[in-house]
Amino acid sequence: MRFHYLSAAAAAVLLLASGCSSAPGATPTTSATSSSPTTSTSPPQSAPPSETPSDPSSEPGEGSGQGAGDPDDSGRFSYSCTSLNGVPDTTYSSLAEVWASSGYVRLDACTANYQGPQPYEPTEDEARIIAIAEPGKDPAQGLESYLAALGLCTRVSDDSASQVFGGSSRQLLQAASQLCPKAPQGKIIALWAAGARAGDGQHTVGDGGLAAGKFHLRKTPPEGCSWSVKGPDGGQKAAGGAVEGQAGILLAEKDVLSSDKCGIWEKME
């Protein structure tokens, strides 16, 4: 009886020992290898969605109309463009199409046309541009101003710049600069809008006209260029032709620049 009792006790001890020795082996195989990859890879997978809303490319561009950087994606406007090559006029359905044209650099100037329903009802963005071009104007009556701003946003050649940009009011130029800052000629429009460029004609410094500073002719003008600068009292301060114009002239507040057949004046840095 004593022998059998001891055998049973020994068997119980062996059974308990085998159970304890197998337990530690189970822990590494279930937690150490399977949980680590899950925790290390999950953050990168969840990060992109949180960054998407702050992506600047998803927001409308400053100065845009119905779309980001493309102020006429509503399809309500068309553009009739003349070319320096003498080819027939070409009609485009959007500013983006004008800008992407293979002959863009050979375009002379374009006229914008309204194709939408009548009567004209400006969008919120269109009304904002009209308010810049013609302060105090009823936006519903400002279609011509908006079309003029769209036309400035297309393409204006150097040959036409003095007439088209130079013949536009400072307010209209500012409206165009706000309308299409991402246009191929966006920086050029901004210079005219800031009074840093001027064409032939008479220009007053300050009060929405030219900016004060030193100006020069961008290119050698054809024969016959003449210019003069008069002070606020009407007295002549300076005068000359192409050579003096390219060297640079200094314009102060209230001065009046008169230019004939000289081309484009640009403010020097």
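Residues numbered from 1 in each chain as written. Predicted model: local features only at pLDDT ≥ 70, side-chain atom pairs only at ≥ 80, totals over all residues. Heavy atoms only, no water.

**Brief notes about the overall build of the protein**
Consideration 1: Along the protein, the regular secondary structure elements total nine helices and 11 strands.
Consideration 2: Here the protein holds 269 residues, and the buried ones make up 35% of them.
Consideration 3: Looking at the protein alone, contacts between residues at least 24 apart form 63% of all its contacts between residues at least 6 apart.
Consideration 4: Accessible surface, the protein as shown: approximately 15100 Å² in total, 57% of it carbon and sulfur. (Helix = DSSP H or I, 4+ residues; strand = E, 2+ residues; numbered from the N terminus. Buried < 20%, exposed > 50% of the residue type's maximum accessible area, 1.4 Å probe, protein only. Contact = heavy atoms within 4.5 Å. Areas by Shrake-Rupley, 256 points an atom, 1.4 Å probe, with all protein chains shown as cover.)

**Some words on the nonpolar core**
Consideration 1: Counting 37 residues, the largest nonpolar core has Tyr79, Val98, Tyr146, Leu150 and Phe165 as its most contacted members.
Consideration 2: Elements with a minimum of two residues in this core: β1 (77-83), α3 (95-99), β3 (107-114), α4 (124-133), α5 (143-152), α7 (170-179) and α8 (186-193).
Consideration 3: Setting aside residues up to four positions removed in sequence, valine 98 forms contacts with Tyr79, Cys81, Tyr92, Tyr104, Leu107, Cys110 and Thr154.
Consideration 4: Of all hydrophobic cores here, the second largest spans 13 residues; its members include Leu210, Leu217, Trp227 and Leu251. (Core = buried A, V, L, I, M, F, W, Y, C linked by side-chain atoms within 4.5 Å.)

**Remarks on the state of the cysteines**
Consideration 1: Evaluation of the coordinates by the stated rule reveals three disulfides.
Consideration 2: Across the disulfide, cysteine 81 is cross-linked to cysteine 110 (sulfur-sulfur distance 2.1 Å). Residues cysteine 81 and cysteine 110 share a disulfide whose torsion about the S-S bond is about 110°; that sign makes it right-handed. Taken as a pair, cysteine 81 in strand β1 and cysteine 110 in strand β3 lie far apart in primary sequence, 29 residues in all.
Consideration 3: A disulfide bridge connects cysteine 225 with cysteine 262, and the sulfur atoms are separated by 2.0 Å. On the sign convention where negative is left-handed, the bridge of cysteine 225 and cysteine 262, at about 95° about the S-S bond, is right-handed. With a gap of 37 residues between them, cysteine 225 in the loop between β6 (213-217) and β7 (226-230) and cysteine 262 in the loop between β10 (256-260) and β11 (265-267) connect regions that are remote in the sequence.
Consideration 4: Since its relative accessible area comes to 10%, cysteine 225 is described here as buried.
Consideration 5: When the bonded cysteines of the protein are numbered from the N-terminus onward, they pair as 1-2, 3-4, 5-6. (Disulfide = S-S within 2.5 Å.)

**Some remarks on the sheet that holds strand β2 (residues 90-92)**
Consideration 1: One open sheet holds the three strands; their spatial order is β2-β1-β3, and the pairing between them is antiparallel. Strand pairing shows two members of the sheet lacking a second neighbour, β2 and β3, which therefore form its edges. Each strand axis lies, on average, 25° off the axis of its neighbour in the sheet, ignoring direction.
Consideration 2: When β1 meets β2, the two strands line up antiparallel, connected through three bridges. In the strand pairing of β2, tyrosine 79 is matched with tyrosine 92.
Consideration 3: Sitting on the sheet, α5 is in contact with β1 and β3, with an inclination near 150° to β3. (Pairing = 2+ DSSP bridges. Axes fitted to C-alpha atoms, helices over the stretch in contact; angles between N-to-C directions.)

Nothing here speaks to function; it is all geometry.
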